Amino acid sequence: MQEKNFNDFVTVDLDEEKNALAIIDQTKLPYAMEMLYLTDQKDIWEAIYHLKVRGAPAIGVSAGIAIYLAARDIRTDDFEDFYARFTEAKEYLNSSRPTAVNLSWALNRQDGVVKANKEKPIPEIVEALHREAIAIRDEDIAMCRAIGENGLTLVKPGYGLLTHCNAGRLAAVKYGTATAPMYLGHERGYNFRIYSDETRPLLQGARLTCFELSQAGMDVTVLCDNMSASAMRQGLIDAIFVGADRIAANGDTANKIGTSMVALAAKRYGIPFYVCAPTSTIDMNTPAGADIVIEQRKPEEVTEMWYERRMAPEDIKVFNPAFDVTDADLISGIVTEYGVCKAPFKESFEEIFRRKNQ
Ligand code: MRU
């Protein structure tokens, strides 16, 4: 482990010298900047499960690199043997978190690389996986910047912008998704006032979004999750940008728990509510929000973490879903790297995918 300055790093990378997945340990932020260099698949699985690396795009980039590292360690000349062990590693990584579709998206993309190169010698297949891992990382940066450009068309200088959880550069490689319009606006002197929900129970908004946006020199204010409706009612919020972990074909969107409450309040107060996500987060194979698997996490995250002493009675039952689904009719627009999708979302997504595949 080694100390690093926040502005020097990208959230997820392949360290070519160490042949390792390089991540910043997000469970230590904002108190310490610690890089982790992971080579072992079990360590990578645990880093994803324990949110050392988190956020849908960052998980996808990590998975693309991790499966390359796994393939690199397979010692065989036989394709069938190679593919069986590759598939085992892929399924293991895919079991680390169920909701963010970018995880399986990146693994399936790497699976396609193996299949397309199956006639080649194993070292060449591994080299193709290496190139694809780098491409997934680099595309993430470009996609987030394009989301930023498209998102910026929806706002004006001086706006108060609310966000929930961390869909920032810590959740991607650079720029983030929901924060991309904020970074680009900041570069262009838009002087946004950013409001960041703290995001119980793991405090990604307070610990991560406030950290990265203030490090970038933006005006950012933290508020508890139960204060956002009040901020909206007082006229402090002009627009809302959030990220997404999986967007169903009808536009229903799974994102960090609490997002749907923000959307409901925004509807009441007539504030535009935008979801920002790359097209890799749109899952046309999932028809609607009810079909999205929502990760349930440990009770201690609610009752013990961040408190000096346990704050609820022993043995109390705990409800701790990590994500919720915001109904499509609460969403004003879904900002992708290819443009802003509007209701009816299914048709709008089909148009976006046509543009992407041109
Ligand atoms: O549990 P987390 O911290 O991985 O949840 C993250 C979120 O819900 C983000 O908003 C989402 O992944 C979008 S990231 C650009």
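Below, the discussion takes up helix α4 (residues 101–116). Between its first and last C-alpha, α4 extends 22 Å over 16 residues, near the 22 Å set by a 1.5 Å rise per residue. Considered for burial, the residues of α4 that qualify are Val-101, Asn-102, Leu-103, Ser-104, Ala-106, Leu-107, Arg-109, Gln-110, Asp-111, Val-113 and Val-114. For α4, the secondary structure elements touched by its buried residues are α2 (56–72), α3 (79–94), α5 (122–152), β8 (246–248) and β11 (282–283).

Lining the immediate environment of the ligand, one finds 18 residues, of which Arg-54, Arg-97, Asp-245, Asn-255 and Lys-256 sit closest. For the ligand, an oxygen atom lies 2.5 Å from a polar atom in the side chain of Arg-54. Here an oxygen atom of the ligand and a side-chain polar atom of Gln-204 are 2.9 Å apart. Calculation on the ligand without its partners gives an accessible area of 420 Å², and the protein chains cover 100% of this total. With respect to the pocket detection grid, the ligand is positioned in the largest cavity. Looking at the shell around the ligand, the elements with two or more residues in it are α2 and β9 (253–256). Across the shell around the ligand, the residue classes tally to eight nonpolar, six polar and four charged. For the shell around the ligand, the two domains that each supply at least three residues are domain 1 (6–141) and domain 2 (145–357).

Membership of the largest hydrophobic core comes to 44 residues, with the highest contact counts inside it found for Phe-82, Phe-86 and Leu-129. Those elements giving two or more residues to this core turn out to be β1 (12–15), β2 (20–24), β3 (35–38), α1 (41–49), α2, α3, α4 and α5. Broken down by element, this core gets its largest block of residues, 12 residues, from α2. Ignoring any residue separated from it by four or fewer positions in sequence, one finds Phe-86 in contact with Ile-67, Ala-71, Ile-74, Gln-110, Asp-111, Val-114 and Leu-129. Of all hydrophobic cores here, the second largest spans 28 residues; its members include Ile-237, Ile-240, Ala-277 and Ile-282.

Procedures and definitions
Residues numbered from 1 in each chain as written. Predicted model: local features only at pLDDT ≥ 70, side-chain atom pairs only at ≥ 80, totals over all residues. Heavy atoms only, no water. Helix = DSSP H or I, 4+ residues; strand = E, 2+ residues; numbered from the N terminus. Expected span 1.5 Å × (residues − 1). Buried < 20%, exposed > 50% of the residue type's maximum accessible area, 1.4 Å probe, protein only. Contact = heavy atoms within 4.5 Å. Near = heavy atom within 4 Å. Polar contact = N/O pair within 3.5 Å; in protein donor to acceptor, adjacent residues only side chain to side chain. Areas by Shrake-Rupley, 256 points an atom, 1.4 Å probe, with all protein chains shown as cover. 1 Å grid on protein atoms, 1.4 Å probe; cavity = no way out; pocket = protein on both sides within 12 Å on 5 of 7 lines; lining within 4 Å. Sits in = over half its atoms within 2 Å of the grid points. Nonpolar A, V, L, I, M, F, W, Y, C, P; charged D, E, K, R; others polar. Domains from an automatic or database assignment. Core = buried A, V, L, I, M, F, W, Y, C linked by side-chain atoms within 4.5 Å.

From the geometry alone we can't say anything about function, so treat these as descriptive.
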